[in-house]
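Letter by letter, the chains look like this.
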Amino acid sequence: MTGKTVLVVGDSWSASIGLGMSEVAASHNTIVNAGLGGCGILLPPGKETPAACRTWPTQWPAYLKKYKPDATLLTVGFWDVTPQRLAGDQEARDLTSPTHEAAFRDRLGQAISILTSRNTPLYLMTSQQVGNPKYRSSALVMNRLLREAAAKHPGVRLLDLRGQLCNDAGCPRVLAGTKVYDPTEHPTKPARARLADWALNTMFAKVGA
């Protein structure tokens with residue numbers, strides 16, 4: 001893989017995998033790592049959403065215009081499965097709420113419309129939080145919506161992050177002798193390198209060529 005440009009957007013997991021891409025492939029490619037910790041696409045009102053998280057509807061088109069990526073990766077598999085208070089909510093709810101499911105579907109459609117506007121292949125990464133009992137139900141809803149979106153939209157593909165981190169026994173903290181998570185619950189350097197290689201191989205068929 002040489003001469004490719006990848007735009008990475010979404011939450012802190014996107015940022016972590018984008019860092020892994022830079023570590024394994026940036027010597028002959030351009031990795032634009034625009035993942036932001038604490039940022040999803042639902043954009044609940046009020047102080048829950050930092051100002052930097054609100055800019056994606058205008059910032060992502062600017063990235064596409066500036067960098068003209070060969071592929072784009074979007075991951076929001078943690079932040080948007082957690083309970084949030086949307087307009088009109090008296091309490092925080094997650095994607096198991098029909099109104100939150102509908103809101104996420106609408107925001108995902110908006111994100112896909114933006115990120116595919118230049119006919120750039122878009123890769124949606126599933127939520128690994130199905131392995132977390134606290135967020136499992138919400139993450140299952142998210143993954144269903146991501147699958148539906150990938151099936152509906154030409155140029156959109158699914159990357160099964162859960163399949164890379166979990167097995168029949170669950171989602172272990174050590175896989176093949178490698179520690180998976182760091183103290184912040186993001187991938188360790190070896191884990192993110194493996195995830196980056198997997199993602200790039202999927203996008204471009206061959207890494208390091």
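Cut-offs applied
- Residues numbered from 1 in each chain as written.
- Predicted model: local features only at pLDDT ≥ 70, side-chain atom pairs only at ≥ 80, totals over all residues.
- Heavy atoms only, no water.
- Helix = DSSP H or I, 4+ residues; strand = E, 2+ residues; numbered from the N terminus.
- Rg over C-alpha atoms; globule rule 2.2 N^0.38 Å.
- Buried < 20%, exposed > 50% of the residue type's maximum accessible area, 1.4 Å probe, protein only.
- Contact = heavy atoms within 4.5 Å.
- Areas by Shrake-Rupley, 256 points an atom, 1.4 Å probe, with all protein chains shown as cover.
- Lys, Arg positive; Asp, Glu negative; His and termini not counted.
- Charge placed at Lys NZ, Arg CZ, Asp CG, Glu CD.
- Salt bridge = Lys/Arg side-chain N within 4 Å of Asp/Glu carboxyl O.
- Core = buried A, V, L, I, M, F, W, Y, C linked by side-chain atoms within 4.5 Å.

Undergrad: Is there a simple way to think about the overall build of the protein in this case?
TA: Along the protein, the regular secondary structure elements total six helices and seven strands. Relative to the globule expectation of 17 Å for 209 residues, the C-alpha radius of gyration of the protein, 16 Å, shows essentially globular dimensions. Judged by the C-alpha coordinates and their principal axes, the protein covers about 55 × 40 × 30 Å. Counting all 209 residues of the protein, 47% fall into the buried class. The contacts in the protein between residues at least 6 apart in sequence include a share of 71% that link residues at least 24 apart. When the accessible surface of the protein is summed, it comes to about 10,000 Å², and 52% of that surface belongs to carbon and sulfur atoms. For the protein, the distance from the average position of its 24 positive side-chain charges to the average position of its 16 negative side-chain charges is 6 Å.

Undergrad: In this structure, what is going on with the environment of Leu-200? I would like to understand it.
TA: Checked against the element boundaries, Leu-200 lands in helix α6 (residues 189-204). Residue Leu-200 is classed as buried on the basis of its relative accessible area, which comes to 0%.

Undergrad: Looking at this structure, how should I read the pattern of salt bridges?
TA: Under the defined criterion, the tally for this structure stands at six salt bridges. Between Glu-101 and Arg-144 there is a salt bridge, with its nearest N and O atoms 3.0 Å apart. Remark: Arg-144 occurs in helix α4 (residues 136-152) and Glu-101 occurs in helix α3 (residues 98-115); sequence separation between them is 43 residues. Here Arg-144 falls in the partly exposed class, since its relative accessible area comes to 29%. One connected set of salt bridges, linked through shared partners, spans Glu-101, Arg-105, Arg-144 and Glu-148.

Undergrad: How do you make sense of the nonpolar core when you look at a structure like this?
TA: Side chains of nonpolar character tend, in soluble globular proteins, to be buried together. Counting 32 residues, the largest nonpolar core has Trp-60, Leu-74, Phe-104, Leu-108 and Leu-124 as its most contacted members. Elements with a contribution of two residues or more to this core: β1 (5-10), β2 (30-35), α2 (56-67), α3, β4 (122-125) and α4. A per-element tally of this core places α4 first, with seven residues. Residue contacts for Leu-124: discarding those within four places in its chain leaves Leu-74, Leu-108, Ile-112, Leu-146, Ala-149, Val-156, Arg-157, Leu-158 and Leu-159. Grouped together as the second largest cluster of nonpolar side chains are 26 residues, Ile-17, Leu-73, Cys-166 and Leu-195 included.

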